[in-house]
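Listed below are the residues making up each chain.
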Amino acid sequence: MKQRKVLLGCALSLSLITALASAPSTVMAQGDEYAVECTAEEDIKVELEESVYVAEAEAETGAETESVAEESVKDAVEEDAAGETEVEESEEESETESESEAETGEESGKRMLDVIYVGGEAASDENTGAAAETPVATLAEALNWVNEGGTIVLTGDVDGSEITKSVTLQSQGGVITSSSVYVSSAYIVVTNGVFANGVAFSGNGSNSVTFSGAMDGNYNSISGFATVTIDASVLRTSNPNSPDIFLSCSNLNLNGGSVISGAFSTGSLCCSGQNQIINLGNIFMDSLSVDGELIVTISGKFGDDMEAGITVLTVANGISADTLANITLNSLNSRNGLFILKLDGNSLVTAAHNHTLVLVDEVKPTCTEDGIAAYYTCSDCGVMYNDAEGNYPIGMTIPIEKLGHEWADTLSYDETGHWYGCNHGCDEKMSFEEHTLNERGVCKCGYEVFAVLEGKAETYTVGSEEGLRFRFAGSVEDFKALYVDGNLVDPADYKVESGSVIITLSKDFLKKLSIGDHTLTVEHTYGKTEVGFKVAEVKPGTGASENKSETGKKEESKKLDTAKTGDTVNLIMLLSMTVFFGLTALVAGVEFLRKRR
Ligand SMILES: [Zn+2]
Ligand SMILES: [Zn+2]
Ligand SMILES: [Zn+2]
């Protein structure tokens, strides 16, 4: 499959491209054989970074930092790796030269360099090219003395020549002036400002070129390379009358921050990061993958007479929904929703569009999480706006800063301890600690041992089968004794249970008390706690059912007090209904009897 790709790359000559673009169906037939591969450029990128690094380091020091011996070893390794035999001659030559230089210390001796400077007419091929002050004159001479993977720095204008080694081209004020440059080495890296306007840059059909930070973009055409990688570069021509670049290759990689202006044809186009295509002609490819955002601008075709249905690019293998989602149409018109990109068969075409904007509600920030400001989005195309009219597009949602906790001034507490709560109502507890009780069993937070939690106004109705239940803060270990109206109560007359401290007076004990108010006193480790309760008699004339309903109500309030289990509420409902229907029946019965009389 790889081989087929290379063959395709070879075949994509300039004349063929035009034919393909006008009759895409011929390629579409074999399209599915070309899967998208976006990894080919990793190695070259690494090499590029290394060589640029070397160039910078040497430019700073202005001198060679590596010893001749080290360099020779490195050369040998690199030659082996590249597997090239063509260069061995000069390699040997350089070793001889190096040795003789090392032995004799001759200044004029030439040797192989990782970075070589070339200066054009003002320079001389007699120079070593080792420093910017001593550049060689011609590109051919620079190529003779640069190592594979090295860097050629242009300090003056030079004529082009066939690039026979894999190198990085850099400009320090100089350019290659030729209108065509052919590359026969495995790869080449081109940085900013290397070519004069309008170069035809071509490869041998199987090699690759990487444009790195080449923002000048003075290219008429780029062709004959198997792989073209565009890394933070602009590829276009500077001719205002014909700003189209013509580009063809088997694999085209846009690595982010890049712009291609013009027509191109490629086997596969792989985009990562944010890139832009300014469409001025036919754009054709076998496959397309977009990881990140590809912005498509149809420069020159936009305006008042803009029409829907313009073909922006054609992908033989079709465009997936995922890929389409990563492509946006960049123009003032699309901003107002007049046009979007739509799929039409295997082509991306412009389509008339009116946004349907719907409000997306604000997500309120919490103490620890950012919120999201309300915005409007088109329910059809998903574009987001700050306003309902769609005048202010936003690329992403706008966060609302999280609130942060706002701690209360006063302590909150429960039976386990006390803390400062958050005024925003979150569950966070600051400075939680267990209670510290004074001799009266009171903590600084307000918590009090044996404070009455439930049963502050209990009433026992004579005849009821249920005793009276009280609940106090604290633990049963601190309970000592129980008094009613100042008299010690026999432990047989009450029950003490934990949770926190539940005390239940028995009905038999209560029965013996007089009708009226009474005082319950709990003696505990920290002193005494009092709570009042009542004993009431059955109201005369109400009968047994009345008494029963009283008991029912008592049950109910007790359930409320203990409100800890999930089904309490259901029980209350049931009890309330029983009480209600009981009373209704009673009233109806009385009414019926009265009428009969
Ligand atoms: Zn829309
Ligand atoms: Zn909070
Ligand atoms: Zn406390």
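Conventions used here
Residues numbered from 1 in each chain as written. Chains lettered and ligands numbered in written order. Predicted model: local features only at pLDDT ≥ 70, side-chain atom pairs only at ≥ 80, totals over all residues. Heavy atoms only, no water. Helix = DSSP H or I, 4+ residues; strand = E, 2+ residues; numbered from the N terminus. Buried < 20%, exposed > 50% of the residue type's maximum accessible area, 1.4 Å probe, protein only. Areas by Shrake-Rupley, 256 points an atom, 1.4 Å probe, with all protein chains shown as cover. Salt bridge = Lys/Arg side-chain N within 4 Å of Asp/Glu carboxyl O. Pairing = 2+ DSSP bridges. Phe/Tyr/Trp six-rings, centres within 6.5 Å; stacked < 30°, edge-to-face > 60°. Lys NZ or Arg CZ within 6 Å of the ring centre and 35° of its normal. Core = buried A, V, L, I, M, F, W, Y, C linked by side-chain atoms within 4.5 Å. Contact = heavy atoms within 4.5 Å. Axes fitted to C-alpha atoms, helices over the stretch in contact; angles between N-to-C directions. Donors = N, O, S within 2.8 Å, 3.2 Å for Na, K, Ca; no water. Tetrahedral: all angles 85-135°; square planar, octahedral: opposite > 155°, others 65-115°. pLDDT = per-residue confidence, 0-100.

### So, the overall build of the chain
Scanning the chain from N- to C-terminus turns up 12 helices and 34 strands. Going through the 597 residues of the chain one by one, you find that 43% of them count as buried. For the chain, the exposed area adds up to about 30300 Å²; of that, 51% sits on carbon and sulfur atoms.

### Points about the pattern of salt bridges
Applying the stated criterion to the full structure yields eight salt bridges. A salt bridge links Glu-141 to Lys-110, with the shortest nitrogen-to-oxygen separation between them at 2.6 Å. With Glu-141 in helix H7 (residues 139–145) and Lys-110 in the loop between helix H6 (88–104) and strand S1 (113–118), this pair connects stretches of sequence that are 31 residues apart. Comparing Glu-141 with Lys-110 shows no difference in burial state: the two are buried. Put simply, Glu-433 and Lys-444 hold a salt bridge, and the shortest N to O gap is 3.5 Å. Here Glu-433 is found in strand S25 (residues 430–433), whereas its partner Lys-444 is found in the loop between S25 and strand S26 (452–454), with 11 residues between them in sequence.

### Describing the environment of Gly-273
The residue Gly-273 is located in strand S11 (residues 258–278) in this model. Separated by 20 residues in sequence, Gly-273 and Glu-293 have C-alpha atoms that sit 6.2 Å apart.

### Digging into the pairing of strand S23 (residues 407–414)
The two faces of the sheet receive side chains in turn, since in a regular strand these alternate between them. Bridging between S23 and strand S24 (residues 417–422) involves five bridges; their strand directions are antiparallel. Among the inter-strand pairings, Leu-411 is bridged to a residue of S24, identified as Tyr-420. What sits between the antiparallel neighbours S23 and S24 is a turn of two residues.

### Considering the packing of aromatic side chains
Applying the stated criterion across every chain yields a total of 11 aromatic pairs. With centroids separated by 5.7 Å and ring planes inclined at 75°, the aromatic side chains of Phe-195 and Tyr-219 adopt a geometry described as edge-to-face. Residue Phe-195 is located in the loop between strand S5 (187–190) and strand S6 (199–202), and its partner Tyr-219 is located in strand S8 (residues 219–231); the two are separated by 24 residues in the primary sequence. For Phe-195, a relative accessible area of 2% puts it in the buried group. Taken together, Phe-195, Phe-201, Phe-211, Tyr-219 and Phe-225 form an aromatic cluster joined through their ring pairs. Residue placement shows Lys-429 over the ring face of Trp-419; its charged tip is 4.1 Å from the ring centre.

### Topic: the nonpolar core
Membership of the largest hydrophobic core comes to 61 residues, with the highest contact counts inside it found for Ile-152, Phe-201 and Phe-211. The element that contributes the greatest number of residues to this core is strand S12 (residues 283–297), accounting for six residues. Not counting chain neighbours up to four residues away, the residues in contact with Ile-152 comprise Ile-116, Val-118, Leu-139, Ala-142, Leu-143, Val-146, Val-167, Thr-168, Leu-169 and Gln-170.

### A word on the sheet that holds strand S32 (residues 501–505)
As summarised here, the arrangement of the four strands in space is S26-S28-S32-S31, forming an open sheet in which the pairing is antiparallel. Across the chains shown, the open sheet's two edge strands, defined by having one partner strand only, are S26 and strand S31 (494–498). Between one strand axis and the next, the sheet turns by 30° as a mean value, whatever way the strands run.

### As for the sheet that holds strand S33 (residues 516–524)
Strand order across the open sheet formed by five strands is S27-S34-S33-S29-S30, with mixed pairing between neighbours. Two strands lie at the open edges of the sheet, namely strand S27 (458–461) and strand S30 (487–488), each paired on one side alone. In the sheet, strand S29 (residues 479–484) pairs with S33 via five bridges, with the strands oriented antiparallel. Its bridge partner lying in S33, Leu-482 is registered against Val-522.

### Side note on the coordination of the zinc ion (ligand 2)
For the zinc ion (ligand 2), the full set of protein donor atoms is Cys-367 (SG), His-405 (ND1), Cys-422 (SG) and Cys-426 (SG), at a range of 2.1 to 2.3 Å. The site at the zinc ion (ligand 2) holds four donor atoms, and with the angles between them running 95 to 118°, its shape is tetrahedral. Look at where the donors of the zinc ion (ligand 2) fall in the sequence and you get C-x37-H-x16-C-x3-C. Of the two residues, His-405 sits in the loop between strand S22 (399–400) and S23 while Cys-426 sits in the loop between S24 and S25, which places them 21 residues apart along the sequence.

### Here's the deal with the confidence of the model for the chain
Of all residues in the chain, 68% attain a pLDDT of 70 or more, and the chain-wide mean is 76. In the model, residues 40–106 has pLDDT below 50 throughout and makes 75 contacts with residues more than four positions away in sequence or in other chains. For the stretch residues 543–572, pLDDT sits under 50, and the model shows 32 contacts to residues farther than four places along the chain or on other chains.

### With respect to the environment of Val-522
Along the polypeptide, Val-522 turns up in strand S33. Val-522 gets classed as buried once you look at its relative accessible area, which sits at 0%. Note: C-alpha distance between Val-522 and Val-484 (38 residues apart in sequence) is 8.9 Å. Residues in contact with Val-522, not counting those within four places in the same chain, are Phe-450, Phe-472, Phe-479, Ala-481, Leu-482, Ile-503, Gly-527, Lys-528 and Thr-529.

### Some points on unusual backbone geometry
That bond from Gly-499 to Ser-500 is cis: its omega, -20°, falls within 30 degrees of zero. Tracing the backbone through its elements, the reader meets Ser-500 in the loop between S31 and S32. Positive phi is not limited to glycine here, since Ser-431 has a value of about 55°. In this structure, Ser-431 sits in strand S25. Relative accessible area serves as the criterion here: at 46%, Ser-431 is assigned to the partly exposed category. Of note, the phi angle at Phe-450 is positive, near 65°, even though the residue is not glycine. Within the secondary structure, Phe-450 is located in the loop between S25 and S26.

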